[in-house]
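# Coordinate inspection notes
So you can see what is in the structure, the chains are spelled out below.
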Amino acid sequence: MSKLDDQIHDAHFSHAHLTEISASGNSLREDLREIWAYRDLLVLLIQRDVSIRYKQSTVGIGWAVIQPLVTMVIFTVVFGNFAKLPSEGYPYALFTMCALVPWTFFARALAGASGSIVGSANMVTKVYFPRLILPISKTVSGIVDFGVAFGVLVVMLLIYRVPPSVGLLWLPLFVLLALATALGIGLWLTALNVKYRDIGLLVPFLTQIWMYASPIAYSTTIIPAKWIWIYSLNPISGVVEGFRWALLGKAPPAMGPLALSCAVVVVMLVSGLWYFRRTERTFADMI
């Protein structure tokens, strides 16, 4: 085991620790209280995820910048120059980058959360701890990559001389919305992945389709008005529109579609928690 793994083991599993596990399960409030009791383990898992992600990598944390930058260049050439997609009067590269930064954060968080239980089979089958810690740690650890990519986006805003707007104060809420979306869907996928390993193969395909179904390379202005409510069922559309409003100073997103996107996130998160808690008692047996 690595030094960090030894710290995790010593902090939580090397002393007398008696936990009663019943088939009936706990209430959500008790689960949250238990997660708080194991907060040190959560922090250590987040640190481990960040430290091993780029271990023995030459570029290191630079990969957090390369992916959105390369995608932005390709989108700018293909969709901005060749296809001439509208960017609402803003430079297409900046318009796209404002969407790619939260999208990349969401996609990585979703991929990590969806494989969190199967990827930690040794811990799940040998020791007790709140299983919710695993998808939460995988989701939250992406904040580091997001911060690095966001720094590049700030530099682009300075280069294009885009002044800050009052919408910037709302930016943390849209980050939280992206995180909640990834966690809600990730809870469903990681629980299903224990029983159906095809889920691990489905996630990259699902993520690719989801990107083109979201306003990353294009503006929502091209969506017909009669379809905008259906389009708003995609919560990432609300995240992207929120980022562009907060950073570019464009017109604020319509409250109706944004509220619908937020409602979808709440449903995903609540239902994901319900399904995860319902199936977690079988993880150790099926994994």
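## Concerning the nonpolar core
- Membership of the largest hydrophobic core comes to 50 residues, with the highest contact counts inside it found for Leu94, Trp103, Leu153, Ile216, Phe243 and Leu247.
- For this core, the secondary structure elements donating two or more residues are α4 (63–82), α5 (92–114), α9 (142–159), α10 (171–195), α11 (198–212), α13 (235–248) and α14 (255–279).
- With 15 residues, the single largest contributor to this core is α5.
- Those residues in contact with leucine 247 that lie beyond four places of it in its chain are Cys98, Phe150, Leu153, Leu157, Val162, Pro163, Leu168 and Leu171.
- Membership of the second largest hydrophobic core comes to 21 residues, among which are Ile46, Ile117, Met123 and Ala191.

## Some details on the packing of aromatic side chains
- This model, assessed by the stated rule, comprises 11 aromatic pairs.
- Here the aromatic rings of tryptophan 103 and phenylalanine 106 are separated by 5.3 Å at their centres, their planes lie at 45°, and the arrangement is tilted. Within this pair, tryptophan 103 and its partner phenylalanine 106 are both found in helix α5, separated by 3 residues, close to a single helical turn.
- Residue classification places tryptophan 103 among the buried residues on the basis of a relative accessible area of 6%.

## Section: the side chain of asparagine 234
- By the secondary structure assignment, asparagine 234 is in the loop between α12 (228–231) and α13.
- A polar side-chain atom of asparagine 234 sits 3.3 Å from the main-chain carbonyl oxygen of alanine 213.
- Sequence-distant contacts of asparagine 234, that is, excluding residues within four places in its chain, are made with Trp210, Ala213, Ser214 and Ser261.

## Describing a nonpolar patch on the surface
- On the surface, Val59, Trp63, Ile66, Val70, Val73, Ile74, Val77, Val78 and Phe82 cluster together to form a nonpolar patch covering roughly 770 Å² of accessible area.
- Tracing the sequence through the fold places valine 73 in helix α4.
- Judged by its relative accessible area of 46%, valine 73 is partly exposed.

## Quick look at the packing of α4 against α5
- Relative orientation of the contacting elements α4 and α5 amounts to 135°, with a least axis distance of 9 Å. By the angle class used here, α4 and α5 are oblique. The two elements α4 and α5 cross, and the hand of that crossing is right-handed. For the pair formed by α4 and α5, the contact residues are Trp63, Ala64, Gln67, Pro68, Leu69, Thr71, Met72, Phe75, Thr76, Phe79 and Gly80 on the first element and Tyr92, Ala93, Thr96, Met97, Leu100, Thr104 and Arg108 on the second.
- Broken down by class, the residue content of the contact of α4 with α5 amounts to 11 nonpolar, 6 polar and 1 charged.

## What to know about the confidence of the model for the protein chain
- The share of residues in the protein chain with pLDDT of 70 or more is 90%, and the mean pLDDT across the chain is 88.
- Across the protein chain, the secondary-structure element scoring lowest on mean pLDDT is helix α1 (residues 3–12), at 57, and the one scoring highest is α5, at 96.

## Observations concerning helix α8 (residues 133–140)
- With 6 of its 8 residues buried, α8 lies for the most part within the structure.
- All of the buried residues along α8 are Ile133, Leu134, Pro135, Ile136, Ser137 and Thr139.

## Comments concerning the pattern of salt bridges
- Inspection of the entire model under this criterion finds 5 salt bridges.
- Linking lysine 138 and aspartate 49 is a salt bridge whose minimum nitrogen-to-oxygen distance equals 3.2 Å. Here aspartate 49 lies in helix α3 (residues 39–53) and lysine 138 lies in helix α8, a separation of 89 residues in the sequence.
- Here the salt bridges share partners, and the residues they tie into one network are Glu88, Glu241, Arg244 and Lys250.

Parameters at a glance
- Residues numbered from 1 in each chain as written.
- Predicted model: local features only at pLDDT ≥ 70, side-chain atom pairs only at ≥ 80, totals over all residues.
- Heavy atoms only, no water.
- Core = buried A, V, L, I, M, F, W, Y, C linked by side-chain atoms within 4.5 Å.
- Buried < 20%, exposed > 50% of the residue type's maximum accessible area, 1.4 Å probe, protein only.
- Helix = DSSP H or I, 4+ residues; strand = E, 2+ residues; numbered from the N terminus.
- Contact = heavy atoms within 4.5 Å.
- Phe/Tyr/Trp six-rings, centres within 6.5 Å; stacked < 30°, edge-to-face > 60°.
- Polar contact = N/O pair within 3.5 Å; in protein donor to acceptor, adjacent residues only side chain to side chain.
- Patch = residues over 30% accessible without salt bridge, like charges linked within 9 Å, V, L, I, M, F, W, Y side chains within 5 Å.
- Areas by Shrake-Rupley, 256 points an atom, 1.4 Å probe, with all protein chains shown as cover.
- Salt bridge = Lys/Arg side-chain N within 4 Å of Asp/Glu carboxyl O.
- Axes fitted to C-alpha atoms, helices over the stretch in contact; angles between N-to-C directions.
- Parallel < 35°, antiparallel > 145°, perpendicular 65-115°, else oblique.
- Left-handed = near helix turned anticlockwise from the far one by under 90°.
- Nonpolar A, V, L, I, M, F, W, Y, C, P; charged D, E, K, R; others polar.
- pLDDT = per-residue confidence, 0-100.

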